[in-house]
Amino acid sequence: MSFLKRMKEKLMGGPSKEEVKEPEQQVEEVVETEEPVQAELPAVEEVKEQEVVEETTKPVEETTKPVEEETVETVQEEKQEVAIVEEVKDEPEAEKESKGWFRSAFSITEKFKSGLTKTRDSFTSKVNDLVARYRTVDEDFFEELEEVLLQADVGFETVMELTEILRYEVQKKNIKSTDGIQALISEKLVEIYEKAGDDHIELNLQPKGELTVILFVGVNGVGKTTTIGKLAHRLKSEGRSVMLAAGDTFRAGAIDQLQVWGDRVGVEVIKQSEGSDPAAVMYDAVHAAKNRGVDVLICDTAGRLQNKVNLMKELEKVHRVISREVPNAPHEVLLALDATTGQNALIQAQTFKEATNVTGIVLTKLDGTAKGGIVIAIRNKLHIPVKFVGLGEKMDDLQPFDPERYVYGLFADALDEQLKEEE
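What comes next is a walk through the structure. (Residues numbered from 1 in each chain as written. Predicted model: local features only at pLDDT ≥ 70, side-chain atom pairs only at ≥ 80, totals over all residues. Heavy atoms only, no water.)

1. Comments concerning the side chain of Thr163
One can find Thr163 in helix H7 (residues 156–172). A residue is classified by how much of its surface remains accessible, and Thr163, at 0% relative accessible area, is buried. Those residues in contact with Thr163 that sit more than four places away from it in its chain are Phe142, Glu146 and Leu149. (Helix = DSSP H or I, 4+ residues; strand = E, 2+ residues; numbered from the N terminus. Buried < 20%, exposed > 50% of the residue type's maximum accessible area, 1.4 Å probe, protein only. Contact = heavy atoms within 4.5 Å.)

2. Brief notes about the pattern of salt bridges
Any two side chains of opposite charge can pair if their charged atoms end up close together. Overall, the coordinates contain 20 salt bridges when judged by the stated rule. A salt bridge links Asp179 to Arg135; its shortest N-O distance comes to 2.8 Å. Taken as a pair, Asp179 in the loop between H7 and helix H8 (181–195) and Arg135 in the loop between helix H5 (117–133) and helix H6 (139–151) lie far apart in primary sequence, 44 residues in all. The class of Asp179 is exposed, set by a relative accessible area of 52%. Between Glu139 and Arg167 there is a salt bridge, with its nearest N and O atoms 2.6 Å apart. You can see Glu139 sitting in helix H6 and its partner Arg167 sitting in helix H7, a full 28 residues away along the chain. On the basis of relative accessibility, which here comes to 40%, the residue Glu139 falls in the partly exposed class. (Salt bridge = Lys/Arg side-chain N within 4 Å of Asp/Glu carboxyl O.)

3. So, unusual backbone geometry
In the segment running from Ala329 into Pro330, the intervening peptide bond is cis, with an omega of 0 degrees. Residue position: Pro330 is located in the loop between helix H12 (308–325) and strand E5 (332–338). The backbone phi angle of Asp153 is positive, close to 65 degrees, even though this residue is not glycine. With respect to the helices and strands, Asp153 occurs in the loop between H6 and H7.

4. Structural notes on the nonpolar core
Membership of the largest hydrophobic core comes to 85 residues, with the highest contact counts inside it found for Leu297, Phe352 and Leu363. Among the elements that take part in this core, H8 stands out by supplying eight residues, more than any other. Counting residues in hydrophobic clusters, the runner-up holds 23 residues, among them Leu203, Leu235, Val242 and Val265. (Core = buried A, V, L, I, M, F, W, Y, C linked by side-chain atoms within 4.5 Å.)

5. Regarding the packing of aromatic side chains
Within the structure shown, the criterion is met by five aromatic pairs. The interplanar angle of 70 degrees and the centroid separation of 5.4 Å between the aromatic rings of Phe123 and Phe411 together place this pair among those described as edge-to-face. Note that Phe123 is positioned in helix H5 and Phe411 in helix H15 (residues 403–422), a separation of 288 residues in sequence. Residue classification places Phe411 among the buried positions, given a relative accessible area of 0%. Seen from their ring centres, Phe141 and Phe142 are 5.8 Å apart, and the 70 degrees between their planes marks the pair as edge-to-face. Aromatic ring contacts, followed pair by pair, group Tyr134, Phe141 and Phe142 into a single cluster. Positioned above the aromatic ring of Trp261, the side-chain terminus of Arg264 is 4.8 Å from the ring centre. Across from the ring centre of Tyr193, 5.1 Å away, lies the NZ or CZ of Arg379, which sits over that ring. (Phe/Tyr/Trp six-rings, centres within 6.5 Å; stacked < 30°, edge-to-face > 60°. Lys NZ or Arg CZ within 6 Å of the ring centre and 35° of its normal.)

6. What to know about the pairing of strand E7 (residues 386–390)
A regular strand carries its side chains on alternate faces of the sheet. Burial runs high along E7: five of the five residues are buried. One ladder, built from three bridges, connects strand E6 (residues 360–364) with E7; its direction is parallel. Bridging across to E7, Val362 finds its partner in Phe388. This β-α-β element, E6 to helix H14 (residues 374–382) to E7, shows right-handed connectivity. Looking at chain direction, E7 and strand E8 (residues 398–400) are connected through three bridges and run antiparallel. Within E8, the residue paired with Gly390 across the bridge is Leu398. (Pairing = 2+ DSSP bridges. Right-handed = clockwise from strand over helix to strand, strands pointing away.)

Fair warning: the whole summary comes from geometry, so function is off the table for now.
What follows is the structure, encoded as structure tokens:
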């Protein structure tokens, strides 16, 4: 069976009866009050914090603060945070959204196809143009293909590996025409991703009745708090009881923002006052989760990367407190990365990997970038599995990562056309 036919059999299927009857419910995104990561990062220590509303993709004016003034917020900024939180509290509760949860392989595949539209429009159009100009596969074709892949943030090492494999396949199968080259690229991208290491895409959840602790790390502005809310909704929809811990006690509005998500999803949030010791919050949260018989505790953490040494020591302390109270915990350390920052996300991943035992990546805002190849670059260079990707602004747009659905999302139009020809 060809790669395309195997892909169709696994990914396409058909919509369930419930999906036909119940169109997906639109759910507005919670306003993100975290601070975005700078587009350029010459040195990780020099990342500067900014304030942003996640709903807009327009660049915001940069504001810088000395490190010693990080936790000091002006009266005007505090009023803005309160105003944002109050506005978000008026949004509908998450219980109404459960009917929109995807139920079939077809719908999940369509979610990837829709979420990767920006990358596909940019990346695939360039590949299609390349195929149109080069009717035969030669060295000039490969050189231009390398450039297209690099522009999509696939990463230099991965691009070199991929084109070398493609050259071998072309020679081995005596391929002369560029027709259908997209399917071959798709197949080899999946192989490269899966070859990078053993995949443990599923969350390491303990059996029901035992507490699972998930620690979220990542710099400010990547959508960490929003992703926590979406993951809590997903786990609750699967029948698990969930509790949140507000461990980001330094960023103004972070605790209130997590509380808003807790209210929407319908889960309890353990918190203390702003400026409290994050490790103390985690201690209280673990004991509260045990006493209430909660299945999953999701812990938020601070993300002031320019104060890297202090931040990493703080994360180590939080880790020690959790592991002392729950053996083998945290069971997952998920690193949230903003896909729109491209290679900058790779630098962040390297930094956190050095300081913490990161078990998985959550790549947010994948729908908002034309350079979605960063997924492959992260996996191939760091050998950390991408466990979830953010494919939109709705509550159920946080989806478990699947390499075949991902490459289908990149080449959907060309692959659909070739499938029709094969059939």
